[in-house]
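Observations on the model geometry
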Amino acid sequence: VEIRALASNRMEHRQRLEELLLQARQARDARDPEKCLRAAEQGLQLEPDHVEFKRLEAQSHQQLERQRKIHELVSECQRQLGAGAFEASIEAGRTLESLDPGNTVAAEIRQKAKEGLERGRRVQALLARALELSTAGDFAACHSLCGEALQLDPSNTELLELRDRAFQVFESRRREEELR
């Protein structure tokens, strides 16, 4: 009777190990590292030195760590993009793509950041030209150019102030002309 009970326990133990191993393999193949890790850890509780469970556990930990890093980098890219730190966003996107080639979020963010950089360059060029026009006394053209640049960057205080100043001077001169 004892031998039968012992044999039955061993058989149940072996069946449970096989079930857990099958679950872990299926989860690995389905790219579900959390489920794979749970099954591997349960298997290691039953048989602490089981080589395949140890390997599946290590792989699952690596995959989970990789997923965590990817999630962090996506958040970093979005945060930098939202803050207007386009260079930092592009760099975080490159890091993300090196960790996860073909990541569509990284490509989208990098494209938006490049557009933001180009928009910033365009605004700076328009601002420089508007300042030249202001210095030259062409306040109507300066006002117009500031308006164009403000369509690209509506909150640029330097452009807002220059546009308002150009308008005031232009209007003042126009009124003086009318009085003559």
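Use the structure listed above.
Notes on the structure in this doc start here. (Residues numbered from 1 in each chain as written. Predicted model: local features only at pLDDT ≥ 70, side-chain atom pairs only at ≥ 80, totals over all residues. Heavy atoms only, no water.)

**Regarding the state of the cysteines**
Counted under the stated rule, the structure contains zero disulfides. Cys142 forms no disulfide, and the closest cysteine sulfur to it belongs to Cys146, at a distance of 4.2 Å. The buried category is assigned to Cys146, whose relative accessible area is 0%. (Disulfide = S-S within 2.5 Å. Buried < 20%, exposed > 50% of the residue type's maximum accessible area, 1.4 Å probe, protein only.)

**Side note on the pattern of salt bridges**
Side chains carrying opposite charge are able to pair once their charged atoms draw close together. Evaluation of the coordinates by the stated rule reveals 17 salt bridges. Of the charged contacts, one joins Glu52 and Arg55 as a salt bridge, the two residues approaching to 3.4 Å between their closest N and O atoms. With Glu52 and Arg55 both in helix α3 (residues 51-82) and three residues apart, the pair spans about one turn of that helix. A salt bridge links Glu91 to Arg94; the nearest nitrogen and oxygen atoms lie 3.4 Å apart. With Glu91 and Arg94 both in helix α4 (residues 86-99) and three residues apart, the pair spans about one turn of that helix. Ionic contacts of the salt-bridge type, sharing partners, join the residues Arg25, Glu52 and Arg55 into one network. (Salt bridge = Lys/Arg side-chain N within 4 Å of Asp/Glu carboxyl O. Helix = DSSP H or I, 4+ residues; strand = E, 2+ residues; numbered from the N terminus.)

**Structural notes on the packing of helix α2 (residues 33-46) against α3**
To characterise two packed helices, one gives the angle between the axes of the helices and the distance between these axes. With their axes 8 Å apart at the nearest point, α2 and α3 run at an angle of 150 degrees to one another. Accordingly, the angle class assigned to the pair α2 and α3 is roughly antiparallel. Taken as a pair, α2 and α3 cross one another with a handedness that is left-handed. Of the residues in α3, those touching α2 at Pro33, Glu34, Cys36, Leu37, Ala39, Ala40, Glu41, Gly43 and Leu44 are Phe53, Lys54, Leu56, Glu57, Ser60, His61, Gln63, Leu64 and Gln67. Partitioned by chemical class, the residues of the contact of α2 with α3 number nine nonpolar, five polar and four charged. (Axes fitted to C-alpha atoms, helices over the stretch in contact; angles between N-to-C directions. Parallel < 35°, antiparallel > 145°, perpendicular 65-115°, else oblique. Left-handed = near helix turned anticlockwise from the far one by under 90°. Contact = heavy atoms within 4.5 Å. Nonpolar A, V, L, I, M, F, W, Y, C, P; charged D, E, K, R; others polar.)

**A few points about the nonpolar core**
The biggest cluster of nonpolar side chains holds 14 residues, and the ones touching the most others in it are Ala130, Cys142, Leu145, Cys146, Leu159 and Leu162. Secondary structure elements with two or more residues in this core: α5 (104-136), α6 (139-152) and α7 (157-179). Counting residues per element, this core draws most heavily on α6, which supplies six residues. Apart from the residues lying within four places of it in its own chain, the contact partners of Ala130 are Cys142, Leu145, Cys146 and Leu162. (Core = buried A, V, L, I, M, F, W, Y, C linked by side-chain atoms within 4.5 Å.)

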